[in-house]
Amino acid sequence: MLGDYRERVGMFYSDQFRDHPDAFPLMQPTRITVVASLLRAWVFAAPTEVDEGEVLEMWEDPVLADWDTLHAPNLEDQVRAVAGLSGDLELLETEDVEQQAMSDRGTLPINVWAHKRIKAFGLRGWVLADHHERDRHLAEGFAEFSGYGTNRARLRELANEFGTLEAMDNPNARGLKLEPFMRELLSAHGFEVEKGKHREGEQVDLFVHRPIRALVECRWYAEPVDRLAVSELIGKLTRDRPAIVLGIYVSMSGFTGPARTEAREHARDRAVVLLDRADVLKLLRGEQHARALVDERIDELVRRYET
């Protein structure tokens, strides 16, 4: 099963696996456990260091051979309890047992092993791979619909561009290229981003219009951004813009303590989200959606609970 599964993913879903490795769990070393009863077989799996498998024969178990049990809402819990399964095993598939050849008396199988076919024993890995791809595609569509979709192919391209940026010898040129880079990175996370404009007394790097509204400042200095820079962004927000507009400050060199304090203490006027190098890399790798990251930082400002 594992061989078929991995062959199927390698042949047809290699790009999807590269972008969404968690969607294809059986590509990693896996322990397969099959619980077999007279009426049904359950296939469980868990990550492990090397591939391994076992079959737990519970043909005559009164619980698993009871039709009422098979329709109980807590069936999986009962199977786990009867078989003594560990919590790390995840249910992959269930298959009804197909009764085939019977004895001449017409009541009992001649031999349990010879005359019962457990589909799960021969569960074709390519079928499961197709199921996982459909689940991944559905989850991706839902994420797109709810505003949390990402363009993984574009993120891969941007990861290569980021390596080029880091290798630049001219820090001024590198800093200038950070602005269009962040525009593309946010766009890959589904944001509607516009290049900033200059007006008297004000220069803004980027405008975000959807799914949030924000002014974005991008800096790649040798030293952390200080309090004054954050204060200037707050000033741009409060100048003549609606309260719904928040600030996002991206600094590849991080922020000083006073800069973080400035953002926190003025959150009652306008919220400013501070993103450093680690945050940018998280977005670049697709480890967290940009909208979720912004929401997380706003939550921190709203709660302000002492820990």
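Bear in mind that the values here come from a model prediction, so they are computed numbers and not experimental data.

Scoring rules and cut-offs
- Residues numbered from 1 in each chain as written.
- Predicted model: local features only at pLDDT ≥ 70, side-chain atom pairs only at ≥ 80, totals over all residues.
- Heavy atoms only, no water.
- Pairing = 2+ DSSP bridges.
- Helix = DSSP H or I, 4+ residues; strand = E, 2+ residues; numbered from the N terminus.
- Axes fitted to C-alpha atoms, helices over the stretch in contact; angles between N-to-C directions.
- Core = buried A, V, L, I, M, F, W, Y, C linked by side-chain atoms within 4.5 Å.
- Buried < 20%, exposed > 50% of the residue type's maximum accessible area, 1.4 Å probe, protein only.
- Contact = heavy atoms within 4.5 Å.
- Polar contact = N/O pair within 3.5 Å; in protein donor to acceptor, adjacent residues only side chain to side chain.
- Salt bridge = Lys/Arg side-chain N within 4 Å of Asp/Glu carboxyl O.

Caption draft 1: Spotlight on the sheet that holds strand S1 (residues 30–36). Strand order in the open sheet made by the four strands is S3-S1-S2-S4, with mixed pairing throughout. Pairing within the sheet leaves two strands with one partner each, and these edge strands are strand S3 (52–57) and strand S4 (90–96). Between one strand and the next, the sheet's axes are offset by a mean angle of 15°, whatever the strand orientation. Of the pairings in the sheet, the one linking strand S2 (residues 40–47) to S4 comprises six bridges and is antiparallel in character. Looking at the pairing, Arg40 lines up with Asp96 of S4.

Caption draft 2: Up close: the nonpolar core. Within the largest apolar cluster, 35 residues are counted, with the highest numbers of intra-cluster contacts made by Phe181, Met182, Leu185, Leu186, Val208, Val216 and Ile248. At the level of secondary structure, the elements contributing two or more residues to this core comprise helix H6 (152–166), helix H7 (171–188), strand S10 (206–210), strand S11 (214–219), strand S12 (246–251), strand S13 (272–275), helix H10 (277–284) and helix H11 (290–303). Residue contributions to this core peak at six residues, all from H7. Contacts of Leu186, omitting those with residues within four sequence positions, involve Phe191, Val193, Val208, Val216 and Ala290. In this structure, Trp42, Met58, Ala83 and Leu85 belong to the second largest nonpolar core, which totals 17 residues.

Caption draft 3: Structural detail: the side chain of Lys236. Locating Lys236 in the fold gives a position in helix H8 (residues 227–240). Owing to a relative accessible area of 14%, Lys236 belongs among the buried residues under this scheme. Separated by 2.5 Å, the side chain of Lys236 and the backbone oxygen of Gln203 make a polar contact.

Caption draft 4: Inspection of the pattern of salt bridges at higher detail. The tally for this structure, following the rule as stated, stands at 21 salt bridges. The partner of Asp15 in a salt bridge is Arg18, and the shortest N-O contact between them spans 2.9 Å. Remark: Arg18 and Asp15 occur in helix H2 (residues 14–19); sequence separation between them is three residues, near one turn of the helix. For Arg18, a relative accessible area of 46% gives the class partly exposed.

Caption draft 5: The arrangement of unusual backbone geometry in detail. In this chain, Arg210 is followed by Pro211 through a cis amide linkage whose omega measures -5°. Turning to its location among the elements, Pro211 is positioned in the loop between S10 and S11.

Caption draft 6: Seen up close, the sheet that holds S11. The strand order S7-S10-S11-S12-S13 describes an open sheet built from five strands, whose pairing is mixed. For this open sheet the edge positions go to strand S7 (192–195) and S13, each flanked by a neighbour on one side alone. Going from strand to strand, the sheet's axes swing by 25° on average, the running direction of each strand aside. Where S12 meets S13, four bridges bridge the pair, whose relative direction is parallel. Note on S13: the bridge partner recorded for Gly247 is Val272. Packing of H7 onto the sheet brings it into contact with S7, S10, S11 and S12, and relative to S7 it is tilted by some 160°. Most of the contacts of H11 go to S13, to which it runs at about 120°, and overall it touches S12 and S13.

Caption draft 7: The arrangement of the pairing of S1 in detail. Across the seven residues of S1, seven count as buried, placing the element largely inside the fold. The alternating pattern of S1 places Thr30, Ile32, Val34 and Ala36 on one face and Arg31, Thr33 and Val35 on the opposite face, and all of these are buried. Direction of pairing for S1 relative to S2: antiparallel, over a ladder of seven bridges. Each bridged residue has a counterpart across the sheet, and for Val35 the counterpart in S2 is Trp42. Connecting S1 to the next strand, S2, in antiparallel fashion are three residues.

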